[in-house]
Each structure stands twice: as C-alpha cells, then as structure tokens.
Amino acid sequence: AADAIRAGLGAPTDDVPSDALALAACTLVLLAPTVTVEALAVRAREERLALDLLLVIEREKALREKRSLTVYRQQDGMTRLVAVLDPESAALVTSVFDAITSPRRGGPRFVEKTAEVRAQAILDDSRTTEQLALDAFVQLIELGANVAPTSFIGGRRPAVQLLITDHDLRAREGLGFIEGQTEPVSVATVERYICDVGTEPVHFDSNGQVANVGRKHRLHTARQRKGFAARDGGCRAGDCDRPPSWCEAHHIEHWVRDHGETSIDSGILLCKHHHLLLHNNGWEIQRHHAEYWLVPPPDVDPTQTPIAMPTKSAAARRLAATASVLARA
C-alpha cells in the first residue's frame, strides 16, 4: 500500500510542492485499510493528477499514443486480435461489451418487458459469453464497413472473397477457400455467402490461366432488400430480434442445387447467426404463398414437422389483419 501511494503521487515539482503531496498522502493512508492495493493506486494517481492539471493533459496524450490493434495468424488456422485501448476508446468498447453480455455476468435486473425478454434470450443462447461478444463485434465491424465504405475505409468496398470450383459447388461437397486465410471452409459456408452477396465466376483455360472474370449474379438488389425489410421486419428465425439492417438475404431455392431465382418471394431475411446454422445443419425453408416454414433435419426431428416463421414487421401483420377482415366482409 505504501508503494502504491508513493508511486501514484510521484515526486514534488515546482507546480506541486512537497507539502501538497504530504497532505494527499495523509488522506490516502487513512483510506488504505478500506480498499484494495489496486484501488489505492488508482486513487493515488487521481490525487496527483488533481494537483497537476498539466500532467492530466500530458498523461492523456501519452496513454492515447500507446493505443494499438495487432492481428496475429495462428498455426491452427485461427486469428488472434490484441487490442490496447486508451481510456476514451475503452469506454466505448466496454460499454458495448457490457450491453451485449451483462445478462450473462450478473448485470442489472430489467423492469421493462422488452429488456427482460432480450436478456433472457441472451441467457438462453447456446453460444458462450466470449463467442457471443465476438460475433457481435464482427457484425458491428461489418455494419460499420457498409455505412460509407469508400469514404471511411478508402479504396474499394471491403469484402470477403471465397473461392470454390464449379464442380465442388454443384456437387455440394468438397472444399472452399477464403482469400487470405489458410484454413479451408465447407461448401455450406460458401453457399451461405452466395445467398447474401451472389457470385462472380472466374474462368480458367486448360493451362490454368485466367481466361475471363464474369459479372456478378445471384445478387439481391437494393430495391429487393427494401421489400424484404418491409415484409419480414428482421430475422424471421424464432424469437430473434435482429433488425433488417443486421440480416442477410437467404435463398430458399438454392441457385446451384435448385436452380432457384433471385426474387423476393423465394428469399427471406436471416441474421448471420441463424443463416449460418441453417446452412451448416441441414435445415430447410418452405413457402406457402406469403407464409414461411422452417423444416428441421431428420436428426433433430424425425417427423420434420414445419415450424412457423412469422413476420416481425408490424406493417405486414397489419396488412394481413386488414385483408382478413375484408375477406370476411
């Protein structure tokens, strides 16, 4: 405790005389028995900074200069991010982290019903707290990159490039590859990306040379996505509350397997988490007019009983209710 006080208060200067530091030290000595050494060190730094306002500016600048984000590629195919945050950056990041994970970590009890329901959904989520936080972080990066990609990041729009042979894609078995990564991915992951962003075929000649790069296709337009948002109101999987801006467009009829079309009626909004689960675990979606049903794989439900996927759009529900009244009139 004495070392914490001494280090926190520091040496006297022309602006901070020794008698001022002595008075602060007396206050801290009285506080020492009631707090931890770590808390005492923080209070000692606060006392010194309160006595030397110029030091506050210098220390703030010094801490900001230490900020960094480093990316490490691991031998197991994973990537590790190491971030060192200055206090201002940390406040923003930790507030988002707390909002995402606090129900898991004994956060405050909620009095509003909507907040209580959301907190329970987080508690019931099968992902670990760390996985939940990482998925949210990645999605925030994705959303931020899509707001103003060329002006904020510069150059071209950031994108994930997936590579797969036409043979493997049509056979629905084989390997896909993410450009810049060493680990292969499953065909299901490639299909999930095709659902959301389409494909851009690259043709090779018999010598392995690129012969032609085709135009993108199988891509839902901005106008179609507005239609999805109005009709679905967000992710239509279960009680998921992700809004349209957080969702990807899933093709109910797959382009390769089913020769499906890129249309609103044969598409549906799913958040990235549920889109991934659907593709990787063999779930299917059926449509009857404007109603959509989730069909589980046989290993989950041998009877494969369809599960309703009601719209999250209040406007769409209002339209359906009005149509029902008019039909009975």
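Provided above is the structure to which this section pertains.
Here goes a summary of the coordinates provided.

Reading guide: rules and limits
- Residues numbered from 1 in each chain as written.
- Predicted model: local features only at pLDDT ≥ 70, side-chain atom pairs only at ≥ 80, totals over all residues.
- Heavy atoms only, no water.
- Disulfide = S-S within 2.5 Å.
- Buried < 20%, exposed > 50% of the residue type's maximum accessible area, 1.4 Å probe, protein only.
- Patch = residues over 30% accessible without salt bridge, like charges linked within 9 Å, V, L, I, M, F, W, Y side chains within 5 Å.
- Areas by Shrake-Rupley, 256 points an atom, 1.4 Å probe, with all protein chains shown as cover.
- Salt bridge = Lys/Arg side-chain N within 4 Å of Asp/Glu carboxyl O.
- Helix = DSSP H or I, 4+ residues; strand = E, 2+ residues; numbered from the N terminus.
- Axes fitted to C-alpha atoms, helices over the stretch in contact; angles between N-to-C directions.
- Parallel < 35°, antiparallel > 145°, perpendicular 65-115°, else oblique.
- Left-handed = near helix turned anticlockwise from the far one by under 90°.
- Contact = heavy atoms within 4.5 Å.
- Nonpolar A, V, L, I, M, F, W, Y, C, P; charged D, E, K, R; others polar.
- Pairing = 2+ DSSP bridges.
- Core = buried A, V, L, I, M, F, W, Y, C linked by side-chain atoms within 4.5 Å.

This part is about the state of the cysteines. According to the stated counting rule, one finds 0 disulfides in the structure shown. You can see Cys235 has no disulfide; the closest cysteine sulfur is in Cys240, sitting 3.8 Å from it. The buried category is assigned to Cys235, whose relative accessible area is 0%.

All right, on to a nonpolar patch on the surface then. Taken together, Leu69, Val71, Leu81, Leu134, Phe137, Val138 and Ile141 make up a surface patch of nonpolar side chains, about 630 Å² in accessible area. Only strand E1 (68–73) and helix H7 (129–147) provide two or more residues apiece to the nonpolar patch. By the element assignment, Val138 lies in helix H7. Of the residues examined, Val138 reaches a relative accessible area of 33% and is grouped as partly exposed.

It is worth spelling out the packing of helix H1 (residues 2–9) against helix H3 (residues 37–51) at this point. Put simply, H1 and H3 touch, their axes get as near as 7 Å, and they point 25 degrees apart. Taken as axis vectors, H1 and H3 run roughly parallel relative to one another. Judged by the sense of rotation from one axis to the other, the crossing of H1 with H3 is right-handed. Contacts between H1 and H3 involve Ala4, Ile5, Gly8 and Leu9 from the first element and Val37, Leu40, Ala41, Ala44, Arg45, Glu47 and Arg48 from the second. Residue composition of the contact of H1 with H3, grouped by class: 7 nonpolar, 1 polar and 3 charged.

Bringing the sheet that holds strand E11 (residues 291–295) into the picture now. Pairing between sheet strands relies on hydrogen bonds along the backbone, with the strands arranged either parallel or antiparallel. Ordered in space as E10-E11-E12, the 3 strands form an open sheet in which the pairing is antiparallel. The sheet is open, and its two edges are formed by strand E10 (284–288) and strand E12 (307–308), each paired on a single side.

All right, on to the nonpolar core then. Counting 16 residues, the largest nonpolar core has Cys235, Ile268, Leu270, Ile285, Tyr292 and Met309 as the members making the most contacts within it. Taken together, the elements giving at least two residues each to this core come down to strand E8 (247–251), strand E9 (267–271) and E11. Ranked by residues supplied to this core, first place goes to E9 with 4 residues. The next biggest cluster of nonpolar side chains, apart from the first, holds 9 residues, and it includes Ile5, Val16, Leu28 and Leu31.

None of this, on its own, says anything about what the molecule does.
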